[in-house]
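This is what each chain is made of:
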Amino acid sequence: NYITEINYMTSQPLEKDYLPIESGNVHMNGKQVLAYTRVRYVGGGDFGRTERQRKVINELLRLVKTMKPSRFNKFAERSLTNVSTNLSETEVMSLLMGASDYLDYETVSARVPIDKTHHSGKLQGAYVLIIDLKKNADYWYSLVYLDKDISEELGRKAEEEKKAEEEKANEDKAGESSDTESATG
């Protein structure tokens, strides 16, 4: 139980902040959100866990969009003390200054692998997901570029490049065998 573990590590009563057992929208504190997003042993396994993580991020974005600028600045300052990044403070501040523009963008939530593009398998003794990389790449390109035609074009180009590489390899093999024949003949 994540909440019990966090309570133990922070020397708080072990039963403090348990999630209420009710359906619908629930207001949670940080510890409860952490437990909600990390738990693996409920419906959906790892896909369910990442779905819950996306729900929390989307809800945070929804709340941030409704904040007054003064509250947003305080929220950002308090939040950033808990964030580790390779961005410089200047880069982070620059991104935050443009946040009002970014928050107007449509938010799309998705995961890899997308449904029906994977199956379970075993590789070198380990259980793994076998993923159709092309279908997933096409899906992501269509999301990023908002245009399926771009994904299909990139797929065609990749196929053409692969075919050209195969043809070159066959030509090289053919050239090697004629060189061998003339050297031995």
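Everything below is about the structure shown above.
None of the values given here were measured: they were computed from a predicted structure.

**Student:** Sorry if this is basic, but what is going on with helix H2 (residues 30-38) here?
**Tutor:** One full turn of an α-helix is made of 3.6 residues, so residues set three or four places apart face in the same direction. Within the span of H2, buried status applies to Lys31, Gln32, Ala35 and Thr37. Close packing links the buried residues of H2 with helix H1 (2-9) and helix H3 (45-65). Sitting at the head of H2, Asn29 places a side-chain oxygen 3.1 Å from the backbone nitrogen of Lys31.

**Student:** Honestly, the pattern of salt bridges in this entry has me stumped. Any pointers?
**Tutor:** Oppositely charged side chains can form a pair if their charged atoms are brought close together. Here the structure, examined in full by the defined rule, presents seven salt bridges. Close ionic contact of Lys31 with Asp17 constitutes a salt bridge, the shortest N to O distance being 2.9 Å. Placement of Lys31 in helix H2 and of Asp17 in the loop between H1 and H2 is noted, with a sequence separation of 14 residues between them. For Lys31, a relative accessible area of 13% puts it in the buried group. Close ionic contact of Arg62 with Glu59 constitutes a salt bridge, the shortest N to O distance being 2.6 Å.

**Student:** Got a minute to help me understand the packing of aromatic side chains in this structure?
**Tutor:** The geometry of an aromatic ring pair is captured by the separation of the ring centres together with the interplanar angle, meaning the angle of the planes. Per the counting criterion, the structure on display carries one aromatic pair. Ring geometry for Tyr139 against Trp140: centres 6.0 Å apart, planes inclined by 80°, an arrangement best described as edge-to-face. By relative accessible area, which is 27% here, Tyr139 ends up partly exposed. For the cation-ring pair, Arg52 lies above Tyr36, with the distance from its terminal atom to the ring centre recorded as 5.9 Å. Just above the ring of Phe47 sits the side chain of Arg111; from NZ or CZ to the centre is 4.0 Å.

**Student:** Would you take a moment to explain the pairing of strand E1 (residues 118-123) for this structure?
**Tutor:** Remark: a regular strand shows side chains that alternate across the two faces of the sheet. Sheet topology note: the E1/strand E2 (residues 126-131) ladder contains six bridges and is antiparallel. Each residue of the ladder has a partner; that of Leu123, found in E2, is Ala126. Remark: two residues form the turn of the hairpin made by E1 and E2, two consecutive strands paired antiparallel; Gln124 in that turn has positive phi of roughly 50°.

**Student:** Please clarify how the packing of H2 against H3 should be interpreted in this entry.
**Tutor:** The angle between the axes and the distance between the axes are what describe a pair of packed helices. Put simply, H2 and H3 touch, their axes get as near as 7 Å, and they point 145° apart. Contact residues: H2 offers Val33, Tyr36, Thr37 and Arg38, while H3 offers Arg49, Arg52, Gln53, Lys55 and Val56. For the contact of H2 with H3, a count of residues per class yields three nonpolar, two polar and four charged.

**Student:** Help me understand H3, please; the structure alone is not making it clear to me.
**Tutor:** Helix length check: H3 (21 residues) gives 31 Å between terminal C-alpha atoms against 30 Å at 1.5 Å per residue, within 8%. Within the sequence span of H3, burial applies to Gly48, Arg49, Thr50, Arg52, Arg54, Val56 and Val64. Tucked inside the fold, the buried residues of H3 contact H2 and helix H4 (69-80).

Reading the values: the criteria
Residues numbered from 1 in each chain as written. Predicted model: local features only at pLDDT ≥ 70, side-chain atom pairs only at ≥ 80, totals over all residues. Heavy atoms only, no water. Buried < 20%, exposed > 50% of the residue type's maximum accessible area, 1.4 Å probe, protein only. Helix = DSSP H or I, 4+ residues; strand = E, 2+ residues; numbered from the N terminus. Contact = heavy atoms within 4.5 Å. Polar contact = N/O pair within 3.5 Å; in protein donor to acceptor, adjacent residues only side chain to side chain. Salt bridge = Lys/Arg side-chain N within 4 Å of Asp/Glu carboxyl O. Phe/Tyr/Trp six-rings, centres within 6.5 Å; stacked < 30°, edge-to-face > 60°. Lys NZ or Arg CZ within 6 Å of the ring centre and 35° of its normal. Pairing = 2+ DSSP bridges. Axes fitted to C-alpha atoms, helices over the stretch in contact; angles between N-to-C directions. Nonpolar A, V, L, I, M, F, W, Y, C, P; charged D, E, K, R; others polar. Expected span 1.5 Å × (residues − 1).

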